[in-house]
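Survey of secondary and tertiary structure
What follows is the residue order along each chain.
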Amino acid sequence: MAAFLRARRERLTPEDLGLPQRKQARRTPGLRREEVAELAGVSTDYIVRLEQGRGLRPSVDVLNALARALCLNDDERAYLFDLARQRQPDSGKPSTVPAPALAMLVRDLSPLPAMLVNHRYDILAWNREMAALITDFGALPERQRNSMWLCLLDPGMRDFYVERERIIREGIADLRAAWAAHPEDRALADLIAEFTAHSAEFEQAWARHDVRVQGRGNKPLRHPVVGPLVVSYEVLMPVQDPDQRIVIYRAADADSQTALDRLTADLDTR
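The present account deals with the structure reproduced in this document. Predicted model, so just to flag it, every value in this text is computed and none were measured.

**Examining the pattern of salt bridges**
All told, the structure shown has 17 salt bridges when counted by the stated rule. Among the salt bridges present, the one from Arg 33 reaches Glu 51, with a minimum N-O distance of 2.8 Å. Note that Arg 33 is positioned in helix α3 (residues 33-40) and Glu 51 in helix α4 (residues 44-51), a separation of 18 residues in sequence. A residue is classified by how much of its surface remains accessible, and Arg 33, at 30% relative accessible area, is partly exposed. In this structure Glu 51 comes out as buried when scored by relative accessible area, which is 4%. In this structure, Asp 174 and Arg 245 form a salt bridge, with 3.1 Å as the shortest nitrogen-oxygen distance. Pair noted here: Asp 174 is in helix α10 (residues 164-181) and Arg 245 is in strand β5 (residues 244-251), with a separation of 71 residues, a long-range link. For the pair formed by Asp 174 and Arg 245, the shared burial category is buried. If you follow the salt bridges from partner to partner, you end up with Arg 8, Arg 11 and Glu 76 in one network.

**Digging into the nonpolar core**
Core analysis: the largest hydrophobic core is formed by 43 residues, its most contacted members being Leu 133, Ile 134, Phe 137 and Phe 195. Top contributing element to this core by residue count: helix α9 (residues 147-153), with six residues. Apart from residues no more than four positions distant in its own chain, Leu 133 is found in contact with Pro 113, Phe 160, Leu 221, His 223, Leu 229, Val 231, Tyr 249, Leu 260 and Leu 263. In this structure, Leu 12, Leu 31, Leu 63 and Leu 66 belong to the second largest nonpolar core, which totals 21 residues.

**Some thoughts on helix α7 (residues 100-108)**
For α7, the complete set of buried residues consists of Leu 102, Ala 103 and Val 106. One face of α7 carries all of its buried residues, which in axial projection span an arc of 100°. In α7, those exposed residues whose orientation departs by more than 90 degrees from the buried face are Pro 100, Ala 101 and Asp 108. Of the surrounding elements, those touching the buried residues of α7 are β1 (114-118), β2 (123-126) and β5.

**Observations concerning helix α6 (residues 74-83)**
For α6, every residue scored as buried is listed here: Glu 76, Arg 77, Leu 80 and Phe 81. Buried residues along α6 cover an arc of 140° about the axis, so they all sit on one side. Residues of α6 that are exposed and point over 90 degrees away from its buried face: Asp 74 and Asp 75. The inward-facing, buried residues of α6 abut α1 (2-10) and α5 (60-69). After α6 finishes, the residue Arg 85 shows a positive phi value of roughly 55°.

Conventions used here
- Residues numbered from 1 in each chain as written.
- Predicted model: local features only at pLDDT ≥ 70, side-chain atom pairs only at ≥ 80, totals over all residues.
- Heavy atoms only, no water.
- Salt bridge = Lys/Arg side-chain N within 4 Å of Asp/Glu carboxyl O.
- Helix = DSSP H or I, 4+ residues; strand = E, 2+ residues; numbered from the N terminus.
- Buried < 20%, exposed > 50% of the residue type's maximum accessible area, 1.4 Å probe, protein only.
- Core = buried A, V, L, I, M, F, W, Y, C linked by side-chain atoms within 4.5 Å.
- Contact = heavy atoms within 4.5 Å.
- Arc of directions from axis to C-beta.

Dropping the structure here:
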């Protein structure tokens, strides 16, 4: 961390930050330590000790101040937090709009059913195969366009998942991890309150405090058109948009592939 802070300080000039020029010549490149200290709102001695690696562990507030003072980009900021062994707070509002490249990728994954969700399970984008398999997302009010809401509160989905209890339990364990990682997300807190108030299944599972991010697995389904099938799912987290996840379904066996092929054929005839 000491070497990183020195390197980031030395790459900046007063002109980069609109600081006044000083008449005294600079013996070393970049900003002076006192200039970084002033920008970050800490003492010069504190900066000296950090750059000398003298065992300090900056707080989250100090790390944020240093990141601003040194004009760190998102990757550099994350790296600084990792070096300091601190959890990086959210740098912006939770994602509610699909990244255009990811929405295009979801469409390009056809004929595999695919959708894009955020940490709340809000469904941000989907392809026609996923809509045919689950439900017509576009016809739903935006507030209900959430895979956990559909599973818990949509009467039409109550018998859709053969292993409903397991699906709910795993989804809630994932949602609890998201809740801890996004403490400032009021919409997520409101969603959890709604689930607790209207779903005894959710209330009981939430009280167990299970935490697990589920990245792959199988889901036996009862589809109203093509009958029973089993899908394998894979969850991909993009590096540049870690708040969004691509969920991809594939047939888990030959009979399930036949069922998915029937759904695709029905779409092609419309």
